[in-house]
Structure formats: C-alpha cells, structure tokens
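Listed here are the chains, written in short residue letters.
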Amino acid sequence: RKEVEQDPGPFNVPEGATVAFNCTYSNSASQSFFWYRQDCRKEPKLLMSVYSSGNEDGRFTAQLNRASQYISLLIRDSKLSDSATYLCVVNTASGNTPLVFGKGTRLSVIA
Amino acid sequence: NAGVTQTPKFRILKIGQSMTLQCTQDMNHNYMYWYRQDPGMGLKLIYYSVGAGITDKGEVPNGYNVSRSTTEDFPLRLELAAPSQTSVYFCASSYPTDSAFFGQGTRLTVV
C-alpha cells in the first residue's frame, strides 16, 4: 500500500457544485495532515491544515478520520478559480522522516 | 519576507554538463527538501535534510548530490546531466511537524 493515496481524477464539475476529495494514508503514526493546492507550472501552496476536530475555511472544509486513516477536503460552491491540483500531505515526524505527498487530485471547474 | 528562494528559475544544460541548483530559506526551518516534478506527474522526493550536516536519500536520488552546511542553504548538485533529468525542481523547508513552504521552482532542460 502506498504511503499516501489519492484519486488522480480529473474531477470535472460545474460552477457552484460541491466536490469532495479523499486521501488515505498508511502510517498510523502520522501526526500532521495538510491539503495543498498546486496550479499549473507553479509551486504547491498550503491550502489548509487538517485537525482531528475538522476545520473550515470559507468554502473549504477538511476532516480527519484517524481510525480509518483518511482525510477529506470538501469544496462548496465551486469557482472557476478553484481549478487546480489538490495534494494530500502527511507528516509522521517520528525519527527523521520527511513529509509525504500524495500524487494529487486534479479539479476542473467548468462554466 | 523572502521564505524559500531558488536560483536559477530557468536553465538549459547540455548532456554531460554539471550544475548546482541553489536553495536558501530564512525561516530557520530544520527540515529542507528537494523534489522533482515531471509534466503531469506528482512530486518525487530526491533528497532531504533534517538539520545542518544531515542529509538522506529520498525516492529518486540517483544522479544528484546535496550538502547542508548551514541551516539556511541546501544546494542540489547535478553531475553529468542527462535528458531524463529534464524536470521542474522544487525546494521546500519546514519545521518537523509543520507544513512545508516551497520555492518557486527551477525549470531545467537537458538537451
């Protein structure tokens, strides 16, 4: 099983739609979880951290399920500007292990 | 606030040439990373460092070398460039349990 797995998509959704991405991770010792956004030919940028209690930032909601070892990202009222690749990132921080990035899920929001 | 700075932004190398990609961060982060990203693909970890004087191989280290003599700097050396090393290279830094900040990337073409 890969350390971090995501559905690569693409997810093609109309403006205003709600879309959800899931990500599973294999290391139960993982401590920190993040969603990043990457635009074409640009560097990845932090979208939001993911907490056990769940967290919301405007139209974006992130959830963590430690028992099932997955995290999710929900985008409500999709905008054209949400079109990007969304990367799931897990940080084990035990020993000298680096961040682990998923391959990303591509979202296209269509007018 | 500079964050993570990579130089150069673009470079064309001939097969067999060598070069060093520079990366510096001003956030006093312990961890630094080098990734490569081929078109349409996910990030692949080349090397990482958990502190000055400590480096470790990632998923795709062959053909590359790194050093970490200071907290701020983490240069990536390409020896004997090959067409397979044509890619976008991203440097990133973080605290151990925190999210990572990325540089803007170096677009390298080997011809």
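Before reading further, recall that the structure is shown in the block above.
A brief report on the enclosed structure follows.

Notes on the packing of aromatic side chains
Residue and element names in this part refer to chain A.
Consideration 1: Under the counting rule described, the total for this entry stands at 12 aromatic pairs over all chains.
Consideration 2: An angle of 80° between the planes, with centres 5.2 Å apart, marks the rings of Phe11 and Phe21 as edge-to-face. Taken together, the residues Phe11 in strand 2 (residues 11–14) and Phe21 in strand 3 (residues 19–25) connect sequence positions 10 residues apart.
Consideration 3: Judged by relative accessible area, Phe21 falls into the buried class, the value being 1%.

Side note on the state of the cysteines
Put plainly, two cysteines are in a disulfide when a covalent bond ties their sulfur atoms together.
Consideration 1: Per the counting criterion, the structure on display carries 2 disulfides over all chains.
Consideration 2: For A:Cys23, the disulfide goes to A:Cys88, at an S-S distance of 1.9 Å. Where A:Cys23 bonds to A:Cys88 through sulfur, the torsion about that S-S bond is close to -70°, and the disulfide is left-handed. Note that A:Cys23 is positioned in strand 3 and A:Cys88 in strand 9 (residues 84–91), a separation of 65 residues in sequence.
Consideration 3: For A:Cys88, a relative accessible area of 0% gives the class buried.
Consideration 4: Between the sulfur atoms of B:Cys23 and its disulfide mate B:Cys91 the distance is 1.8 Å.

A closer look at the interface of chain B and chain A
Consideration 1: The interface is formed by 21 residues belonging to chain B together with 20 residues belonging to chain A.
Consideration 2: Both faces combined, the contact of chain B with chain A buries some 1,700 Å², and carbon together with sulfur accounts for 54% of it.
Consideration 3: Seen at the junction of chain B and chain A, the total is 5 residue pairs in polar contact (both at pLDDT 80 or more).

Focus on the pattern of salt bridges
All names here are of chain A.
Consideration 1: Tallied over the full model, the rule gives 6 salt bridges over all chains.
Consideration 2: The shortest N-O distance in the salt bridge between Arg76 and Glu56 comes to 3.5 Å. Pair noted here: Arg76 is in the loop between strand 8 (70–75) and strand 9 and Glu56 is in strand 6 (residues 55–57), with a separation of 20 residues, a long-range link.
Consideration 3: We classify Arg76 as partly exposed; its relative accessible area is 26%.
Consideration 4: Exposure remark for Glu56: the relative accessible area of 56% places this residue in the exposed category.
Consideration 5: The salt bridge partner of Arg59 is Asp82, with a shortest N-O separation of 2.8 Å. Taken together, the residues Arg59 in the loop between strand 6 and strand 7 (60–65) and Asp82 in the loop between strand 8 and strand 9 connect sequence positions 23 residues apart.

What counts, and where the lines are drawn
- Residues numbered from 1 in each chain as written.
- Chains lettered and ligands numbered in written order.
- Predicted model: local features only at pLDDT ≥ 70, side-chain atom pairs only at ≥ 80, totals over all residues.
- Heavy atoms only, no water.
- Phe/Tyr/Trp six-rings, centres within 6.5 Å; stacked < 30°, edge-to-face > 60°.
- Helix = DSSP H or I, 4+ residues; strand = E, 2+ residues; numbered from the N terminus.
- Buried < 20%, exposed > 50% of the residue type's maximum accessible area, 1.4 Å probe, protein only.
- Disulfide = S-S within 2.5 Å.
- Contact = heavy atoms within 4.5 Å.
- Buried area = accessible area lost by both parts, 1.4 Å probe.
- Polar contact = N/O pair within 3.5 Å; in protein donor to acceptor, adjacent residues only side chain to side chain.
- Salt bridge = Lys/Arg side-chain N within 4 Å of Asp/Glu carboxyl O.

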